[in-house]
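The lines below spell out each chain.
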Amino acid sequence: MTGWVPAPLPQTVTWGAALLCALVAAGLRARPGPQVRRARLLLAGGGGGPAGLGAGPGGGPAWVARAGEWAGCLRRWGRERRELLCLPLACGVVLVGESVLPLIAGALAVPLVRRWLGVRRRERERERREAAVIEMCGTVAGDLRAGRQPGEAMAGLTRMELGPGWPAVPAAARFGGDVPGALRKAGLQPGAEGLNGVAACWQVAVDGGAGLASGLERVAAALSAERDQRDELRAQLAGTRSTAAMLALLPVLALLMGSALGAAPLRVLLHTPAGIGCLVLGGLLECAGIAWTRRIVRAAEAPGRGRKA
């Protein structure tokens, strides 16, 4: 009994899919040039041109502006949907291996890559909020040292990158509202937990007359020390991450070396039952190794993340 072997794709379908995905990938990375920006400014400024061309005085035709708009839309869409770049890569492997299996694997990888990118985006937002809390504490403490009132110093911080709950804090300080309560609500977001310490300092300073500036400086110092400790731990774990990435890329290097030697490893992996079995088993082992390494790194980083100011 012979196993099922996927039939090679027709050359027309292979080249068509690869060309389409390559055009999509190029559109995702497209950036409007100076001529496109100039055409946008001319058209936005109301410069009238000949009928049917839509050009301003000395400007380019209207299709240039439309092309720039399309390129801008594709660029924004590409930033929001970067996981779809797995499909052009998969189509490149389809073109080389003449099998539909890489395209299926690329489609299955899209949600996984989307989840990984979402985790990275949330991590960056958390770090930005932590840095904004430290900056806010230093700014308010400096204003208080200069002789400004707490409400006046807090009311001017309307552009801090502390999430959607932050605008209520300057508003409460400006109109005499519940500033500690607004700070605690804004501190519910990941990375903004230090605002709970700011709220406690504010409440103690208002009720007991203690120095708010010194309390904010202590909060900023504690948050900075915690961030430095986390950065040091991350630097120590950089070797583990690099080793895991190198081990994950070794199969790709082996495929490239085999192709350079004329062994045609993709044809064996994608067109023979034994090759398909090895490919599935190797993929499962690769995913298990990456997940295990990620779990080890997360366990090492967990104590530093779990502390809150």
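The shown structure was predicted, so the numbers you read here are calculated from the model rather than taken from an experiment.

Looking only at helices and strands, one finds 13 helices and zero strands in the protein chain. Written out in order from the N terminus, the α and β elements of the protein chain read α-α-α-α-α-α-α-α-α-α-α-α-α. Evaluated residue by residue, the protein chain yields a buried proportion of 31% over its 309 residues. Sequence separation of 24 or more characterises 61% of the internal contacts of the protein chain that already satisfy a separation of 6 or more.

What follows concerns the side chain of Arg-129. Within the secondary structure, Arg-129 sits in helix α5 (residues 101-145). With no salt bridge to any partner, buried Arg-129 finds its closest opposite charge in Glu-125, at an N-O distance of 4.1 Å. Once residues lying within four places of it in the same chain are set aside, the contact partners of Arg-129 are Glu-161, Leu-162, Gly-163, Gln-189, Pro-190, Gly-191 and Ala-192.

This paragraph deals with the state of the cysteines. This structure, assessed with the given rule, holds zero disulfides. Here Cys-137 is not disulfide-linked; the sulfur of Cys-201 is the nearest cysteine sulfur, at 7.8 Å. On the basis of relative accessibility, which here comes to 1%, the residue Cys-137 falls in the buried class.

On to the packing of α5 against helix α10 (residues 212-236). With their axes 9 Å apart at the nearest point, α5 and α10 run at an angle of 150° to one another. Taken together, the axis directions place α5 and α10 in an arrangement best described as roughly antiparallel. As for the relative orientation of α5 and α10, their crossing is left-handed in sense. Across from Glu-123, Arg-126, Glu-127, Glu-130, Ala-131, Val-133, Ile-134, Cys-137, Val-140, Ala-141, Leu-144 and Arg-145 in α5, the residues of α10 making contact are Leu-212, Ala-213, Ser-214, Leu-216, Glu-217, Val-219, Ala-220, Leu-223, Ser-224, Arg-227, Arg-230 and Arg-234. In terms of residue class, the contact of α5 with α10 is built from 13 nonpolar, two polar and nine charged.

The first and last C-alpha atoms of helix α11 (residues 238-260) sit 32 Å apart over 23 residues, in line with the 33 Å expected at 1.5 Å per residue. Phi turns positive one or two residues past the end of α11, at Gly-262, with a value near 85°.

Attention now moves to the confidence of the model for the protein chain. On average, residues of the protein chain score 75 in pLDDT, and 71% of them are at 70 or above. Note on residues 26-59: pLDDT is under 50 here. Beyond four places in sequence and across chains, it has 39 contacts.

Attention shifts here to the pattern of salt bridges. Using the criterion set out here, one finds eight salt bridges in the structure. Residue Arg-126 pairs with Glu-130 through a salt bridge whose shortest N-O separation is 2.7 Å. Here Glu-130 and Arg-126 lie together in helix α5, a separation of four residues that amounts to about one turn. Like Arg-126, the residue Glu-130 is buried in the burial classification. The closest approach of N and O atoms between Glu-152 and Arg-148, which form a salt bridge, is 3.6 Å.

Right, let's get into the environment of Leu-237. As for its position among the elements, Leu-237 is in the loop between α10 and α11. Considered as a pair, Leu-237 and Ile-296 are 59 residues apart in the sequence and their alpha carbons are 10.0 Å apart. Discounting chain neighbours no more than four positions away, the residues touching Leu-237 are Val-297, Ala-300 and Glu-301.

If you check helix α4 (residues 86-97), its first and last C-alpha atoms are 16 Å apart, about what 12 residues at 1.5 Å a residue would give, namely 16 Å. What α4 keeps buried is the set Cys-86, Pro-88, Ala-90, Cys-91, Val-94 and Gly-97. Looking one or two residues beyond α4, the residue adopting positive phi is Glu-98, at roughly 55°.

A contiguous nonpolar patch, built from Met-246, Leu-247, Leu-250, Leu-253 and Met-257 and spanning about 490 Å² of accessible area, is present on the exposed surface. Along the polypeptide, Leu-253 turns up in helix α11.

This paragraph deals with the packing of α4 against α5. For the pair α4 and α5, the least separation of the axes is 8 Å and the interaxial angle reads 160°. Regarding the angle of α4 to α5, the classification is roughly antiparallel. As α4 runs across α5, the sense of the crossing is right-handed. Residues Cys-86, Leu-87, Ala-90, Cys-91, Val-93 and Val-94 of α4 touch α5, and the partners they reach there are Pro-102, Leu-103, Gly-106, Ala-107, Val-110 and Val-113. Classifying every residue of the contact of α4 with α5 by side-chain character gives 11 nonpolar, one polar and no charged.

To continue, consider unusual backbone geometry. What is expected of a backbone is that most residues other than glycine have negative phi and most peptide bonds are trans. With phi around 55°, Ala-264 is a residue other than glycine that occupies positive phi space. Here Ala-264 is to be found in the loop between α11 and α12 (265-271). For Ala-264, a relative accessible area of 36% translates into the label partly exposed.

Reading the values: rules and limits
Residues numbered from 1 in each chain as written. Predicted model: local features only at pLDDT ≥ 70, side-chain atom pairs only at ≥ 80, totals over all residues. Heavy atoms only, no water. Helix = DSSP H or I, 4+ residues; strand = E, 2+ residues; numbered from the N terminus. Buried < 20%, exposed > 50% of the residue type's maximum accessible area, 1.4 Å probe, protein only. Contact = heavy atoms within 4.5 Å. Lys, Arg positive; Asp, Glu negative; His and termini not counted. Salt bridge = Lys/Arg side-chain N within 4 Å of Asp/Glu carboxyl O. Disulfide = S-S within 2.5 Å. Axes fitted to C-alpha atoms, helices over the stretch in contact; angles between N-to-C directions. Parallel < 35°, antiparallel > 145°, perpendicular 65-115°, else oblique. Left-handed = near helix turned anticlockwise from the far one by under 90°. Nonpolar A, V, L, I, M, F, W, Y, C, P; charged D, E, K, R; others polar. Expected span 1.5 Å × (residues − 1). pLDDT = per-residue confidence, 0-100. Patch = residues over 30% accessible without salt bridge, like charges linked within 9 Å, V, L, I, M, F, W, Y side chains within 5 Å. Areas by Shrake-Rupley, 256 points an atom, 1.4 Å probe, with all protein chains shown as cover.

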